[in-house]
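An overview of the molecular structure
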Amino acid sequence: MTPARYQPPCLDMSVPPHLPRLLQGSDVLVFRPQCSVYCKALLHWSKADDVTVLTLRIVGAALSWWEDGKEKLSETFGLHPSCTVFQLELYALHRATRLVSSSTDNKVNILSDSRSSLDLLRNPKLSHPLARSIKENIARVVCEGREIKMFWLRAHIGTAGNERADELAKTAALQSTSHDYDKVPLSYVRKKIREESVRKWQDRYATSSTGAVTRKFLPDVNQAYRITRSAKLTPAHVQMLTGHGGMGEYLYRFKLKESPKCECDPNIIESVWHIILDCPRFLAARQDLETLIDWNLVESELKDILADTKHRPHFLSYSDRVFRVAARRNSTIAPTRNQYQYFKPQSQPSQHHHKQLLKKQQHISCWIVEKKEKLD
Ligand SMILES: [Zn+2]
């Protein structure tokens, strides 16, 4: 057994705490505890279903009290699955110090393989309720004139007490049906609120009467958020993903084009899907893309192609090119009457302005007539 010496946490902050170190030589003789409490916290991901590869988070903690090389007693604890590793380890130490506090032994060592928890306990500003409780337990033991020391013990090196605590913690994690500690961390509450918000968002998104084109590309809001944040989207991409842009179908709907038909065939509507999947104008580029990504470009596969980080850049490059070509072609078509009115509203004089112009013309005509009469 090669545990490291550890300063009792925060009992006397005027004494600088020692850094954990491995015991050597005469130190080994000092470390001959009559009573040792091995505490162990366990977090494990277990595969619950071979088909769906669903993993379950199982947690447990245990204590094993040893005297003169034999186990005197042991305790196992079930904890809420949402507990963090920090909570698990602190809870194990909390129960160990509580056990020592309720005992009558004069000198007890607590051994844990969680170095981070022992280090954290040395922080006087640590305000976690479990950390406070551990410090109170230790202070109580010290006030009674007894001694309690905490050591870091390297895990899985064959120490009998630690191996026993490890085994007990596994049993607790797998078999416990009740929770000895169920105070969930704030991060868990935040996660649950976020999950609920996303679920409502997904419901609204899936049942909305608008955004049908976007839903075909991005059916899941979480995925949509990730893709739109990570991909470098151009204006042409936004036109494709929303269905709002320079394609004939959209321009015709808003009376900005006389016909929704595509240049390639007067019987086919120039929709988002036609441009990406069917239009013969982009056949060569489409075939190049399909060869490059080894994927058939069909409507039902677009969401998977976009979700694939390896193939997404190739698809976005292709779609940017074809939509820019389609939009440029539609922008060169002569504007309809409505489009003219939309873009040049000031070219048509208002009624009031028209009356003023007529008055001015009449005034000028009268003035010309008067001048002529004078000249005559
Ligand atoms: Zn076409």
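The residue numbers shown here count from 1 along each chain, following its written sequence. Where totals are concerned, whole chains, interfaces and linings use all residues; where local detail is concerned, this predicted model gives features only for residues with pLDDT of at least 70, and gives and counts side-chain atom pairs only at 80 or more.

The protein is annotated in an unreviewed UniProt entry as (diamondback moth) hypothetical protein from Plutella xylostella.

1. Concerning the overall build of the protein
A tally of helices and strands in the protein yields 16 helices and 9 strands. In the protein, which comprises 376 residues, the share counted as buried stands at 27%. The secondary structure listing takes helices from DSSP runs of H or I that are at least 4 residues long and strands from runs of E that are at least 2 residues long, numbered from the N terminus. Exposure classes come from backbone-placed C-beta atoms, where a residue is buried if 20 or more other C-beta atoms lie within 10 Å of its own, exposed if 12 or fewer do, and partly exposed in between.

2. Focus on the pairing of strand S6 (residues 107-112)
Counting buried residues in S6 gives 5 out of 6 residues, a clear majority hidden from the surface. Any two strands with at least two DSSP-identified bridges between them are counted as paired. Here S6 pairs with strand S7 (residues 147-152) via 6 bridges, running parallel. Bridge assignment links Ser 112 to a residue of S7, and that residue is Trp 152.

3. Side note on the environment of Glu 258
Within the secondary structure, Glu 258 is located in the loop between helix H10 (248-253) and strand S8 (261-262). With 16 C-beta atoms counted inside 10 Å, the residue Glu 258 sits in the partly exposed group. Sequence separation between Glu 258 and Gly 248 is 10 residues; the distance between their C-alpha atoms is 9.0 Å.

4. Quick look at helix H9 (residues 235-242)
Within the sequence span of H9, burial applies to Ala 236, Gln 239, Met 240 and Leu 241. Considering only its buried residues, H9 is in contact with helix H7 (212-217), helix H11 (272-278) and helix H14 (312-331). Gly 243 occupies a position one or two residues after H9 and carries a positive phi of about 80°. The contact criterion used here is simple: two residues whose C-beta atoms, placed from the backbone, lie within 7 Å are in contact.

5. Here we look at the pairing of strand S9 (residues 265-269)
Of the strand pairs in this sheet, S8 and S9 are connected by 2 bridges, and their pairing is antiparallel. Paired with Cys 262 across the two strands is Asp 265, which belongs to S9. Between the antiparallel neighbours S8 and S9 lie 2 residues.

6. Some thoughts on unusual backbone geometry
The residue Lys 255 is not glycine, and still its phi comes out positive at about 55°. Structurally, Lys 255 is set in the loop between H10 and S8. What makes Lys 255 partly exposed here is the crowd of 13 C-beta atoms within 10 Å. Phi is positive for Asp 294, close to 55°, though the residue is something other than glycine. Within the secondary structure, Asp 294 is located in the loop between helix H12 (283-293) and helix H13 (302-307). Judged by C-beta crowding, with 7 C-beta atoms within 10 Å, Asp 294 ranks as exposed.

7. Some points on the nonpolar core
If you look at soluble globular proteins, the nonpolar side chains tend to sit buried side by side. The biggest cluster of nonpolar side chains holds 43 residues, and the ones touching the most others in it are Val 37, Cys 39, Ala 61, Tyr 91, Ile 110 and Ala 169. At the level of secondary structure, the elements contributing two or more residues to this core comprise strand S3 (35-49), strand S4 (54-67), helix H2 (85-102), S6, helix H3 (115-121), helix H4 (129-143), S7 and helix H5 (160-175). Ile 227, Tyr 250, Phe 282 and Tyr 318 belong to the second-largest nonpolar core, a separate cluster that totals 25 residues. A set of buried Ala, Val, Leu, Ile, Met, Phe, Trp, Tyr and Cys residues, joined through C-beta atoms within 7 Å, is what we mean by a nonpolar core.

8. Things to note about the packing of H12 against H14
Between N-to-C directions, angles cover 0 to 180 degrees, with each direction set by a line fitted to C-alpha atoms, over the stretch in contact for helices. At a minimum axis distance of 10 Å, the contact between H12 and H14 shows a crossing angle of 175°. Considered as vectors, H12 and H14 are oriented roughly antiparallel to each other. Contact with H12, carried on its side by Ala 285, Leu 289, Leu 292 and Ile 293, involves His 314, Phe 315, Tyr 318, Arg 321 and Val 322 of H14 and no other residues of that element. In this classification, Asp, Glu, Lys and Arg are treated as charged, Ala, Val, Leu, Ile, Met, Phe, Trp, Tyr, Cys and Pro as nonpolar, and every other residue, Gly included, as polar. Classifying every residue of the contact of H12 with H14 by side-chain character gives 7 nonpolar, 1 polar and 1 charged. Small angles under 35 degrees read as roughly parallel and large ones over 145 as roughly antiparallel, with 65 to 115 read as roughly perpendicular and the rest as oblique.

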